[in-house]
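What follows is each chain in one-letter form.
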Amino acid sequence: MLLEVRDMHLHYGKVEAVKGVSLELREGQIITLIGANGAGKSSILRAISGLQRPSSGEIRYRDKRVDRVAPDKIVDMGIVHVPEGRRLFKLMTVRENLRMGAYLNKDGSEIAEGMEKVFDLFPILREKQNQQSGRLSGGQQQMVAMGRALMARPKVLLLDEPSLGLAPKLIDEIADLIVQMRDSGLSIVLVEQNANLALTLSDHGYVMETGSIALHGPSKDLLADPEVARAYLGA
Ligand code: ATP
């Protein structure tokens, strides 16, 4: 198992946002967390990336406990978070934003090589590398956010709502890129409001309801499940 969350609880003050969640990510897989606003999906990603400490339970990465490890160390270990809303440095260029993703790396040639890889995956960013990132379209900004994460040479990507606010055509493009990243050897935890998209892309899905996992299984089974279709897929 590459990444494992075991019976995790997480509180904000007295509010219990995550109530005993367990999930598993195997190498080369995409797993997805779907469910309504406020169900606790982002909190789980924040806990995995060390930004929020669980109140109990365990997070294991390559069989080591990481639930007490600092966020920069987590990045160093290979787990990188692309937060909801992208959080770019909007006044900085595309190139400068990508460079920030490699802030832990001091090796100039590795950084240049990483940037070339990002440009190969997102050719439009090569064209726009000297533009202010705040001036790009939403889809391109999402590519910068994912590219910046790739600059840290992750093994695991945590993607929070990559399709949010994008036009349908761009959503398809981002979806293809997520699959390409998986095919290039990354393992991905995908949080999405767009359940249809998420289940189409992923190997395994977890349906969250108010802090708990209501249901999980192979994504193709969830897609075919009439209950899931009624409640989450707008059928
Ligand atoms: P969304 O898609 O809206 O982000 P989500 O499923 O990712 O939803 P979380 O953001 O994890 O849900 O939030 C879970 C619960 O925790 C919600 O009730 C939310 O209001 C609460 N919450 C989240 N962050 C905080 C915080 N910093 N302080 C207090 N409560 C919070």
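Up top you'll find the structure we're talking about.
Worth saying up front: this structure is predicted, and the values here are computed from it rather than measured. All residue numbers refer to positions counted from 1 along the written sequence of the respective chain. It should be noted that, the model being predicted, local features are given only for residues of pLDDT at least 70 and side-chain atom pairs only at 80 or more, the latter also being counted only at that level, while totals for whole chains, interfaces and linings use all residues. Hydrogens and water molecules were not included; the side-chain quantities draw on all heavy atoms of the structure.

J.: When you look at the overall build of the chain in this model, what are you seeing that I'm missing?
T.: The helix count covers DSSP runs of H or I at least four residues long, the strand count covers runs of E at least two residues long, and both are numbered beginning at the N terminus. Looking only at helices and strands, the chain features 10 helices and 10 strands. Only the C-alpha atoms count toward the radius of gyration. The rule for a globule is 2.2 Å times the residue count to the power 0.38. The C-alpha radius of gyration of the chain comes to 17 Å, within 12% of the 18 Å expected for a compact globule of 235 residues. With respect to the three principal axes, the spread of C-alpha positions in the chain is 45 × 40 × 30 Å. Put simply, the chain has 235 residues, and 50% of those count as buried. Any two residues whose heavy atoms approach within 4.5 Å at even a single point are treated as in contact. Sequence separation of at least 24 residues holds for 67% of the intrachain contacts in the chain that already meet a minimum separation of 6. All accessible-area figures derive from a Shrake-Rupley calculation using a 1.4 Å probe, and residue coverage is judged against the displayed protein chains alone. Counting only carbon and sulfur atoms, one obtains 49% of the accessible surface of the chain, whose full area is about 11,100 Å². If you average the places of the 30 positive and of the 30 negative side-chain charges in the chain, the two averages end up 5 Å apart. Per-residue accessibility, obtained with a 1.4 Å probe over protein chains only, is compared with the maximum for each type, and a residue is labelled buried under 20%, exposed over 50%, and partly exposed between these values. His is not counted, nor are the chain ends; Lys and Arg add positive charge and Asp and Glu add negative charge. One atom stands in for each charge, and that atom is NZ of Lys, CZ of Arg, CG of Asp or CD of Glu.

J.: What exactly am I supposed to notice about the sheet that holds strand 10 (residues 212-218) here?
T.: Strand pairs in the sheet, formed through backbone hydrogen bonds, run parallel or antiparallel to each other. Strands were regarded as paired on the criterion that DSSP finds at least two bridges between them. With mixed pairing, the 6 strands of this open sheet are ordered in space as 6-7-8-3-9-10. Here the strands that pair on one side only, and so sit at the sheet edges, are strand 6 (79-82) and strand 10. Taken over all neighbouring pairs, the strand axes of this sheet differ in orientation by 15 degrees on average, direction set aside. Here strand 9 (residues 204-209) pairs with strand 10 via 6 bridges, running antiparallel. Bridged to glutamate 209 within strand 10 is serine 212. Docked against the sheet, helix 1 (residues 41-48) engages strand 3 (30-35), strand 6, strand 7 (156-160), strand 8 (187-191) and strand 9, running at close to 150 degrees with respect to strand 7. Helix 7 (residues 168-183) contacts strand 3, strand 7 and strand 8 of the sheet and is inclined by roughly 150 degrees relative to strand 8. Note on geometry: axes are lines fitted to C-alpha atoms, helical ones only across the stretch in contact, with angles between N-to-C directions running from 0 to 180 degrees.

J.: What am I meant to see in helix 6 (residues 138-150) here?
T.: Owing to its 3.6 residues per turn, the α-helix brings residues three or four apart onto one side. For a helix, the expected span equals 1.5 Å multiplied by the residue count minus one. In this model helix 6 runs 18 Å from its N-terminal to its C-terminal C-alpha over 13 residues, within 8% of the 18 Å that 1.5 Å per residue would give. In terms of residue burial, helix 6 counts as a mostly covered element, since 12 of its 13 residues are buried. For helix 6, the full list of buried residues reads Gly139, Gln140, Gln141, Gln142, Met143, Val144, Ala145, Met146, Gly147, Arg148, Ala149 and Leu150. For helix 6, the elements touching its buried residues are strand 6, helix 3 (94-101), helix 4 (108-121), helix 5 (123-127), strand 7 and helix 7.

J.: What should I look at first to understand the site of the ligand in this one?
T.: Proximity is defined per residue: if any heavy atom of the residue lies within 4 Å of a molecule or strand, that residue is considered near it. Around the ligand there are 14 residues in total, and Asn37, Gly38, Lys41, Ser42 and Ser43 lie nearest to it. Here an oxygen atom of the ligand sits 2.6 Å away from a polar atom, N or O, in the main chain of serine 42. N or O atoms closer than or at 3.5 Å make up a polar contact, with two conditions inside protein: a donor-capable atom paired with an acceptor-capable one, and, for residues adjacent in sequence, both atoms drawn from side chains. The separation between a nitrogen atom of the ligand and a polar side-chain atom of arginine 46 is 3.4 Å. For the ligand, whose unbound accessible area comes to 630 Å², protein coverage reaches 61%. Counting residues per element, the shell around the ligand draws most heavily on helix 1, at 4 residues. Under this grouping Gly is polar, as are all residues other than the nonpolar Ala, Val, Leu, Ile, Met, Phe, Trp, Tyr, Cys and Pro and the charged Asp, Glu, Lys and Arg. Among the residues forming the shell around the ligand, the class breakdown is 4 nonpolar, 6 polar and 4 charged.

J.: What's the story with unusual backbone geometry in this structure? I'm lost.
T.: Negative phi characterises most residues that are not glycine, and trans characterises most peptide bonds. Even without being a glycine, glutamate 161 presents a positive backbone phi close to 55 degrees. With phi around 35 degrees, threonine 210 is a residue other than glycine that occupies positive phi space. Take threonine 210: it is sitting in the loop between strand 9 and strand 10. Of the residues examined, threonine 210 reaches a relative accessible area of 61% and is grouped as exposed.

J.: Help me out: how do you make sense of the side chain of serine 163 in this one?
T.: Within the fold, serine 163 resides in the loop between strand 7 and helix 7. On the basis of relative accessible area, serine 163 is assigned to the buried category, the value being 8%. Within the structure, serine 163 has its side chain in polar contact with the side chain of glutamate 192 (distance 3.0 Å). The contact partners of serine 163, leaving out residues within four places of it in the chain, are Arg86, Ile171, Glu192, Asn194 and Leu197.

J.: When you look at the pairing of strand 4 (residues 56-61) in this model, what are you seeing that I'm missing?
T.: Regular strands place their side chains on alternate faces of the sheet. Two strands pair when backbone bridges link them, and strand 1 (residues 3-12) and strand 4 are joined in this way by 5 bridges, in the antiparallel orientation. In the sheet register, leucine 3 faces strand 4, and the bridge partner there is tyrosine 61. Pairing between strand 4 and strand 5 (residues 64-65): 2 bridges, direction antiparallel. Across the sheet, residue arginine 60 finds its bridge partner in strand 5, namely arginine 65. Counting the residues between successive antiparallel strands, the hairpin from strand 4 to strand 5 contains 2 residues, one of them, arginine 62, with a positive phi of roughly 45 degrees.

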